[in-house]
Amino acid sequence: MGTIEQDDRGILVPCPSCGQKNRIPYERLAYRVRCGSCKQELSAPATPLEVGHTAAFDRLIARASIPVVVDYWAPWCGPCRTVAPEIVKVAARNAGRLLVVKVNTDALADVGQRFGIRSIPTLAVFAGGREIARTLGARPADDIEAFVREAVAESET
Ligand SMILES: [Zn+2]
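Report follows, based on the coordinates. Because the structure is a prediction, the values reported are computed rather than measured.

### Details of helix 2 (residues 78–93)
- At Ala84, helix 2 is deflected by roughly 30 degrees, the largest bend along its length, and proline Pro85 occurs up to four residues later in sequence.
- Listed in full, the buried residues belonging to helix 2 are Cys80, Val83, Glu86, Ile87, Val90 and Ala91.
- Contacts from the buried residues of helix 2 go to strand 7 (68–73), strand 8 (99–104), strand 9 (122–127) and helix 4 (141–156).

See below:
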């Protein structure tokens, strides 16, 4: 975690072949993107992305072309540490299909407040710019994936 940077417009991914930093716009997360410099194909983010600031979170939620799983957490929260490796698994297994992000509710208190996050860990799923489901407490990766699949399927009917 922590290897992927983001800004208001997208995710900044270093090219595995030439090292050039490329921005993948949030709208294009579901597509194959090539390095602007050497044309090597860039892989979709396969690790959770720690959201650095509120504006980036809002853009990401509004524009992401794939469902976004949000892990609301804080450094002092024990169950959050339990869920962290599960979230890593979910991100690795669903690269290009889901974007997994982490929101530190101490650092981004305004986001937590706006979405009414009262206990952590809370996992939420966003699709099409809105929250479609949330669940409280730690759970294993398989459960998280099932929860997300169900939420996305329901939102599409
Ligand atoms: Zn390159």
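### Thoughts on the nonpolar core
- With 34 residues, the main nonpolar core has Phe57, Val68, Val70 and Tyr72 as its most contacted residues.
- Counting only elements with at least two residues in this core, the list comes to strand 2 (10–14), helix 1 (54–63), strand 7, strand 8 and strand 9.
- With residues near it in sequence (within four places) discarded, Tyr72 still touches Phe57, Cys80, Val103, Thr105, Val111, Phe115, Ile117, Ile120, Pro121, Thr122, Ala124 and Phe126.
- Core analysis: the next-biggest nonpolar cluster, separate from the first, contains 16 residues, Val100, Ala133, Phe147 and Val148 among them.

### Topic: the state of the cysteines
- Overall, the coordinates contain one disulfide when judged by the stated rule.
- In this model Cys77 forms its disulfide with Cys80; the gap between the sulfur atoms is 2.2 Å. Taking the sign of the S-S torsion, about 85 degrees here, the bridge from Cys77 to Cys80 comes out right-handed. Residues Cys77 and Cys80 agree in their burial class; the two are buried.

### Topic: the coordination of the zinc ion
- Protein coordination of the zinc ion is provided by Cys15 (SG), Cys18 (SG), Cys35 (SG) and Cys38 (SG), with donor distances spanning 2.3 Å.
- Here the donor residues of the zinc ion share one chain and are spaced in sequence as C-x2-C-x16-C-x2-C. One end of the pair, Cys18, is in the loop between strand 2 and strand 3 (21–25); the other, Cys38, is in the loop between strand 4 (33–34) and strand 5 (41–42), with 20 residues separating them in the sequence.
- Judged by its relative accessible area of 39%, Cys18 is partly exposed.

### Description of the side chain of Thr122
- For Thr122, the position within the fold is in strand 9.
- Thr122 gets classed as buried once you look at its relative accessible area, which sits at 1%.
- Side-chain polar atoms of Thr122 contact the backbone oxygen of Ser119, separated by 2.5 Å.

Thresholds, definitions, all that
- Residues numbered from 1 in each chain as written.
- Predicted model: local features only at pLDDT ≥ 70, side-chain atom pairs only at ≥ 80, totals over all residues.
- Heavy atoms only, no water.
- Bend = angle between axes of the 7 residues up to and from the residue.
- Helix = DSSP H or I, 4+ residues; strand = E, 2+ residues; numbered from the N terminus.
- Buried < 20%, exposed > 50% of the residue type's maximum accessible area, 1.4 Å probe, protein only.
- Contact = heavy atoms within 4.5 Å.
- Core = buried A, V, L, I, M, F, W, Y, C linked by side-chain atoms within 4.5 Å.
- Disulfide = S-S within 2.5 Å.
- Donors = N, O, S within 2.8 Å, 3.2 Å for Na, K, Ca; no water.
- Polar contact = N/O pair within 3.5 Å; in protein donor to acceptor, adjacent residues only side chain to side chain.

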